[in-house]
Amino acid sequence: MSTLLSRTAIVGIGQTEFSKNSGRSELQLALEASKAALDDAGLSPGDIDGAVTFKLDSNDELDVMHYLGIRELRWCARTPGGGGGASATVQLAAAAVASGAAKAVLIYRAFNERSGRRFGQPMGGYGGGAPQQDIHFSFGLDTPAKIYALWYQPYMAKYGVTNEDLAQYVVIARQNAATNPRAWFYRKPITVADHQNSRWIVEPVLRLLDCCQESDGGVALIVTSADRAKDLLQPGVRVLAATQSHVNSSQEMFNYYRQDLSVFEELPAISAQLWAQSGLGPKDIDVALIYENFSPIVYMALEGHGFCGPGEAKGFIQDGHIGLGGSLPVNTHGGLLGEGYIHGVNNLLEGVRQIRGTAANQIADTEHVLVSAARSAVILGKL
Amino acid sequence: MRDQDFFWEGVRQGKLLFQKCAACGTLRQPPGPMCPHCQSLAWEPLEAAGRGTVAAWIVSKHPSQPDDNPRLVALIALEEGLRMISNLREVEEADVRLDMPVEVFFAEIGGAVLPQFRPAARV
């Protein structure tokens, strides 16, 4: 099985530390991570001719080009929306390389999302939530935690998943972070009691420990052709499949208007494309890295990708499948709850490390890694 | 000009207005300029009866403004087949249940009128 995209590979990764106060500009974070990715690959700035980031990233491509010393960019692209597009960055980069539009593409995502503009604060400030301003904000629905809690609740109610059940996932994520030196919560595991004693952020759905972090930091990856990857410093990581899906009647955040509120339609849609592109299936995946803004989405993703049936994620987790020793280790780096929240792009770096065999919590004999951001996903494998 | 302006104009008149496609009759939510079913730009207002059930609900509070005093935010499934975000009033948090029947009323909050929902007798 092979597609044009599978002739591409991730050849370099770089990052800053993940913190709560970086003490430097977002541009500097982007440049530090990008330089580290170049060094990791054994490439120089002049080898890069493409740049991909998020629509939301504040770092202009031309500024990154200028200070990093890239000579010329021939391909720039940005993924729309928020973290759902984290894995789409690889699709955009791989498509450019596979088509010949660019030879080597730099992916970067960097922000001061804790010390600068915090995603967890009410959006639009008080004005955005003023009466008669907006059909969502004006009723108090103005933070991601509130917005997502409202659409995770129908799933949880349908399948009997309580907030206490969510602790089963969170404890695993924090255990993985506790043994990952890159994680903000390194050496800070939690218990179910800690989870249940953490304060409500959005009652009756999400407690503090169900929420991803707010983080400062930068990450970067470099995508080039699989042929060229063979000559570079690191073992190349092949892009076996890369896709996005945005299904009709979908709203990225205010996803309240489609027929069945308990189903995340994008997940089976991207899965179908992933399996078709790669010739693989759920049983072939050795490690799954799942974007979790909040813990309930892990449950929906395990089901939506076909690792278990509808409503079975709770039992799947309780039965020990997703721990480091389980049949499908999930978020081996600690996830966005435990490692840090670099908008999900740090999950891609963990995916590369698991294939290279250099992860802090390395899973033996890892051949295929799924990196899912729910609206985009990739499968990574060996070259 | 925003696509949701008609909704707030209706609220000021004590009405819950939604868009009904003038060409194919499809109801639209959230507000938008084109019918996703037939691509017509023509629409007429449909006044909802204001009866529905609670499809999802949360307690909205934040240590900073604007929800220093918690309020209940709910996704309401209206009997016309549309959903909308609003607040639940005249009910204690412990008494809220999914699928409980509710009805609209209009209340002044912060100097402007907002549609709010309260428990309704089961029909």
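Please read all numbers here as calculations on a predicted model, not as lab measurements.

Engineer: Any details on the layout of surface pockets? Residues and values, ideally.
Structural biologist: Residue and element names in this part refer to chain A. In this structure, the largest pocket occupies an estimated 1,300 Å³ of space. Lining the largest pocket are 50 residues, and of these Phe119, Gly120, Pro144, Glu214 and Phe294 sit closest to its centre. Looking at the lining of the largest pocket, the elements with two or more residues in it are α5 (144-159), α6 (163-178) and β5 (200-202). When residues of the lining of the largest pocket are assigned to their parent elements, the largest contribution, five residues, is made by α5. Of the residues that constitute the lining of the largest pocket, the class distribution is 26 nonpolar, 11 polar and 13 charged.

Engineer: How would you sum up the pattern of salt bridges? Please name residues and give values.
Structural biologist: Two side chains carrying opposite charge are able to pair once their charged atoms lie near each other. All names here are of chain A. Tallied over the full model, the rule gives 22 salt bridges over all chains. For the salt bridge of Arg24 with Glu17, the shortest nitrogen-to-oxygen distance reads 2.9 Å. For Glu17, a relative accessible area of 37% puts it in the partly exposed group. The structure contains a network of salt bridges with shared partners spanning Arg258, Glu265, Glu266 and Arg375.

Engineer: Quick one: what's the story with unusual backbone geometry, residue by residue and with numbers?
Structural biologist: Glu203(A) connects to Pro204(A) through a cis peptide bond whose omega is 5°. Take Pro204(A): it is sitting in the loop between β5 and β6 (206-207). A cis amide bond, omega 0°, links Gln29(B) with the succeeding residue Pro30(B). The topology assignment puts Pro30(B) in the loop between β2 (27-28) and β3 (43-47). With a phi close to 60°, Arg187(A) is a non-glycine residue in the positive phi region. Within the secondary structure layout, Arg187(A) lies in the loop between α6 and α7 (192-197). Arg187(A) sits in the exposed class, given a relative accessible area of 63%.

Engineer: I'd love a proper account of the sheet that holds strand β8 (residues 237-244) of chain A, names of residues and values included.
Structural biologist: Residues and elements named next belong to chain A. Taking strand neighbours across the sheet as the criterion, the nine strands line up as β3-β2-β4-β7-β1-β8-β11-β10-β9 in an open arrangement whose pairing is mixed. Of all strands in the sheet, those with a lone pairing partner are β3 (75-79) and β9 (287-290), marking the two edges. Here the average twist between neighbouring strands, direction ignored, is 25°. Here nine bridges tie strand β4 (residues 104-112) to strand β7 (residues 216-225), and the two strands are oriented antiparallel to one another. Following the sheet pairing, Phe111 is matched in β7 by Gly217.

Engineer: Would you mind going over the interface of chain A and chain B in detail, with residue names and values included?
Structural biologist: Interfaces are often sized by the amount of accessible area the parts lose when they come together. In this complex, chain A contributes 33 residues to the contact, which on the side of chain B involves 37 residues. In this assembly, chain A packs against chain B so that about 3,000 Å² is buried in total across both faces, 62% of it on carbon and sulfur atoms. When the area that chain A buries against chain B is broken down by residue, the three leading residues are Gln132(A), Ile135(A) and Phe139(A), summing to 28%. Here chain A and chain B share zero salt bridges between them. Summed over the shared surface of chain A and chain B, the number is 11 residue pairs in polar contact (both at pLDDT 80 or more). Broken down by secondary-structure element, the contributors of at least two residues to the side of chain A that touches chain B are α5 and β5 of chain A. Tallying contributions element by element places α5(A) first for the side of chain A that touches chain B, with six residues. For the side of chain A that touches chain B, the class distribution of residues is 17 nonpolar, 11 polar and five charged.

Conventions used here
Residues numbered from 1 in each chain as written. Chains lettered and ligands numbered in written order. Predicted model: local features only at pLDDT ≥ 70, side-chain atom pairs only at ≥ 80, totals over all residues. Heavy atoms only, no water. 1 Å grid on protein atoms, 1.4 Å probe; cavity = no way out; pocket = protein on both sides within 12 Å on 5 of 7 lines; lining within 4 Å. Points joined across faces, edges and corners; volume = space filled by probe spheres on them. Helix = DSSP H or I, 4+ residues; strand = E, 2+ residues; numbered from the N terminus. Nonpolar A, V, L, I, M, F, W, Y, C, P; charged D, E, K, R; others polar. Salt bridge = Lys/Arg side-chain N within 4 Å of Asp/Glu carboxyl O. Buried < 20%, exposed > 50% of the residue type's maximum accessible area, 1.4 Å probe, protein only. Pairing = 2+ DSSP bridges. Axes fitted to C-alpha atoms, helices over the stretch in contact; angles between N-to-C directions. Contact = heavy atoms within 4.5 Å. Buried area = accessible area lost by both parts, 1.4 Å probe. Polar contact = N/O pair within 3.5 Å; in protein donor to acceptor, adjacent residues only side chain to side chain.

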